[in-house]
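A look at the structure
These are the residues of each chain, in order.
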Amino acid sequence: MGNLSILVVDDEKNITDLLQDILEDEGFFVETATSITEAKEKIKEKDFEIILLDVWLPDGEGIDLIPFIKESNPLTKIVMISGHANIPIAVKALKEGAFDFLEKPISTDSILAVINKAEKEIQKELQLQFFKEKDKSNIEIIGESEPVQKLKRQIEKVAKTNAWVMILGENGTGKELVAKSIHYLSDRKDKPFVDINCAAIPDDLLESELFGYEKGAFSGAVSRKPGKLEVANGGTLFLDEVADMSLSSQAKLLRVLEEQEFTRLGSNQKIKVDLRVISATNKNLEKEIEEGRFRQDLYFRLAVVQIFVPPLRERGIDIILLAEHFLEKTCLENKLEKPVLTEEVKEALLKYSWPGNIRELKNLMERICIFSNGEKVVLEDLPPYIIKNRPVRSKLDIGIKPLKQVKEEAEKEVIKKALETYNKNLKEIAKVLEIDLSSLYRKIKQYNLEE
């Protein structure tokens, strides 16, 4: 327990002193008020997660303060306190939005129990703001190539541990997808996956995003905002493009990660968290460290395990699998008929270098789905820069030979090219060549193409 700000509103000083002593011993930040008027002033100045509110106060009924509290901060948990067991009052308080009801005299066990219950509810509500169910169902890594099979094995292995992971790879290769896969295959899967793009947030705002802030911490801070470190408590914090952080922010982040505690901006109250950190970058960190742009100690802290995500150009047949996937998904979302990729189009896609990786392929398939004019996707549907990378077909210099020999040489070249193009995916090759798998095995052996 701890980390929460609590306001005790009661006109009996012995009650406020007792509750303040009990709660501060547990690590909570506690303030007191003896009237509705004083409570309103404190609530205007500061957000409280929990307010313990007496039913009867010198200047009115505590229940009348509930709408004001809810308007100031809808997440605040209000616990009503009464010196007399009164069921109608308790029912009215709960209907107005109170979280719970305590009867005086208040024991230490009862107050800590209700605070613990409120704390869990607060954490749950914070997490729900960031916890997106679609993340759970959208973590499939599509691909059958050897580089991707290796990547999947690494993900499964590291997900079972609590090790911090650094994901390396070019822009657009799917590093965030890898991070989500690790999270949702881990024991933390029922806790939040919270991401922060370090490159997209200005340096002067990064701290408030990570650590959060109190009301009045700076101009524009009109209410308390929990930081992403706090929201990710118990789950995974994903630091995307971590190498784009300034050295100043890197130093502050390192201290927080080592201590697993921090303070919101504008507060002196320590907040402890339990986090798994996954980071990602497209930069060469060894070069960044050598040139003084990235802290070596932060690198060692984050990169307990390193995972490399291969670029699309090295994934062979996965290019076609992904193209089909994105084409089908986009057409379904737009209620359009899915056109068929012709073999010439597939060949052009396989030969293109994909500098933008999966992101570029996804965008292309979305455009094709929307602008395609027929049942088939033909070369003319592709951008010129992809078509021009298509290899020019040359005439075979076959000379005068027995037809059987010509047939065998041509067959060998076609199978050899297919093995290279489809990354030795024999099932796919047999399908493209329109022969059964056993015949393909036999011909590969016949032409000494096993290697």
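Details of the structure are given in the entry above.
Remember, predicted model here, so these are calculated numbers, not experimental data. Per chain, the residues get numbers from 1 upward, laid out in the order the sequence is written. Given that the model is predicted, a residue must reach a pLDDT of at least 70 before its local features are reported, and side-chain atom pairs must reach 80 or more before they are shown or counted; all residues, however, enter totals for whole chains, interfaces and linings. The side-chain numbers reported here are obtained from all heavy atoms of the structure, hydrogens and water having been left aside.

1. Side note on the overall build of the protein chain
Comment: elements are numbered from the N terminus, with helices defined as DSSP H or I runs of at least four residues and strands as E runs of at least two. Looking only at helices and strands, one finds 20 helices and 18 strands in the protein chain. For 451 residues, the compact-globule estimate of 2.2 N^0.38 gives 22 Å, and the C-alpha radius of gyration of the protein chain, at 31 Å, exceeds that figure by more than 25%. Projected onto its principal axes, the C-alpha coordinates of the protein chain cover approximately 110 × 50 × 40 Å. For each residue, the accessible area found with a 1.4 Å probe, counting protein chains only, is set against the maximum for its type, and the residue is called buried under 20%, exposed over 50%, and partly exposed in between. Counting all 451 residues of the protein chain, 48% fall into the buried class. Here the contacts in the protein chain between residues at least 6 apart in sequence split such that 71% fall between residues at least 24 apart. Each accessible area value is a Shrake-Rupley result obtained with a 1.4 Å probe; residue values ignore everything except the protein chains displayed when judging cover. Per element, the accessible surface of the protein chain, about 23,700 Å² overall, is 50% carbon and sulfur. Our radius of gyration looks at C-alpha atoms and nothing else; its globule reference is 2.2 Å times the residue count to the power 0.38. Residue contacts are defined here by distance: any two heavy atoms, one from each residue, within 4.5 Å place the two residues in contact.

2. Comments concerning a nonpolar patch on the surface
For patches, a residue must show more than 30% relative accessible area and have no salt bridge; joins then use 9 Å for like charges and 5 Å for nonpolar side chains, namely Val, Leu, Ile, Met, Phe, Trp and Tyr. Salt bridges are defined by distance alone: a side-chain nitrogen of Lys or Arg within 4 Å of a carboxyl oxygen of Asp or Glu. Where nonpolar side chains cluster on the molecular surface, the patch consists of Leu 336, Ile 370 and Phe 371 and spans about 320 Å² of accessible area. Relative accessible area serves as the criterion here: at 61%, Phe 371 is assigned to the exposed category.

3. Regarding the packing of helix H19 (residues 426–433) against helix H20 (residues 437–446)
Taken N-terminus to C-terminus, the directions of H19 and H20 make an angle of 100°; their axes are 9 Å apart at the nearest point. The angle between H19 and H20 places the two elements in the roughly perpendicular class. Packed against H19, whose contacting residues are Leu 426, Lys 427, Ile 429, Ala 430 and Leu 433, the element H20 presents Leu 437, Leu 440, Tyr 441 and Ile 444 at the interface. Class assignment for the residues of the contact of H19 with H20 results in 8 nonpolar, no polar and 1 charged. Angular values range over 0 to 180 degrees, each being the angle between N-to-C directions of two axes fitted as lines to C-alpha atoms, with helices fitted over their stretch in contact. By definition in this entry, angles of less than 35 degrees are roughly parallel, angles greater than 145 are roughly antiparallel, angles of 65 to 115 are roughly perpendicular, and the rest are oblique. Following the grouping adopted for this structure description, the nonpolar residues are Ala, Val, Leu, Ile, Met, Phe, Trp, Tyr, Cys and Pro, the charged ones are Asp, Glu, Lys and Arg, and the polar ones are all others, Gly among them.

4. Focus on the pattern of salt bridges
Considering all chains together, one arrives at 30 salt bridges under this definition. Residue Lys 104 is joined to Asp 54 by a salt bridge in which the shortest nitrogen-to-oxygen separation is 3.6 Å. Residue Lys 104 is located in the loop between strand S7 (100–103) and helix H5 (108–130), and its partner Asp 54 is located in strand S3 (residues 50–54); the two are separated by 50 residues in the primary sequence. Glu 366 is paired through a salt bridge with Lys 362; the nearest N and O atoms lie 2.8 Å apart.

5. A few points about the sheet that holds S7
Backbone-to-backbone hydrogen bonds pair the strands of a sheet. The strands run either parallel or antiparallel. By definition, two strands form a pair when at least two bridges between them are found by DSSP. In space, the 5 strands of this open sheet follow the order S2-S1-S3-S6-S7, with parallel pairing throughout. Strands at the two margins of the open sheet, each flanked by one partner only, are strand S2 (29–33) and S7. Adjacent strand axes in the sheet meet at a mean angle of 20° when their direction is disregarded. Bridge analysis of S3 against strand S6 (residues 77–82) gives 5 bridges, and the strand direction is parallel. The partner of Ile 51 across the bridge, within S6, is Ile 78. Against the sheet, helix H2 (residues 36–45) makes contact with strand S1 (5–9), S2 and S3, and its axis sits at roughly 145° relative to S2, the strand it touches most.

6. Description of the environment of Lys 42
Summarising the element assignment, Lys 42 is placed in helix H2. The class of Lys 42 is partly exposed, set by a relative accessible area of 21%. When the C-alpha atoms of Lys 42 and Glu 31 are compared, they prove to be 8.6 Å apart, with 11 residues separating the residues in sequence. With sequence-adjacent residues up to four places away left out, Lys 42 is seen in contact with Leu 7, Glu 31, Thr 32, Ala 33 and Phe 48. Counting of polar contacts relies on pairs of N or O atoms within 3.5 Å, with two restrictions inside protein: one atom must be capable of donating a hydrogen and the other of accepting it, and residues adjacent in sequence are counted only when both atoms are side-chain atoms. In this structure the side chain of Lys 42 is engaged in a polar contact, spanning 3.5 Å, whose partner is the side chain of Glu 31.

7. A look at the nonpolar core
If you look at the biggest cluster of nonpolar residues, it comprises 37 residues, and the most contacted ones within it are Leu 349, Trp 354, Leu 361, Leu 364, Met 365 and Leu 382. Counting residues per element, the ones that place at least two in this core are helix H14 (318–333), helix H15 (343–351), helix H16 (357–371), helix H18 (403–421), H19 and H20. No other element matches the 7 residues that H14 contributes to this core. If you look at the next biggest cluster of nonpolar residues, it comprises 33 residues, including Met 166, Leu 239, Met 245 and Val 277. Remark: nonpolar core denotes a set of buried residues (Ala, Val, Leu, Ile, Met, Phe, Trp, Tyr, Cys) joined through side-chain atoms within 4.5 Å.

8. Observations regarding the environment of Lys 443
Secondary-structure assignment places Lys 443 in helix H20. Between the C-alpha atoms of Lys 443 and Glu 156, which are 287 residues apart in sequence, the distance is 36 Å. One polar contact links Lys 443 to Glu 411, side chain to side chain, over a distance of 3.1 Å.

9. Points about the side chain of Arg 264
Within the fold, Arg 264 resides in the loop between strand S13 (261–263) and strand S14 (270–272). Since its relative accessible area comes to 2%, Arg 264 is described here as buried. At a separation of 3.1 Å, a polar atom in the side chain of Arg 264 contacts the side chain of Glu 49. For Arg 264, the side chain forms a polar contact with the side chain of Glu 230, separated by 2.9 Å.

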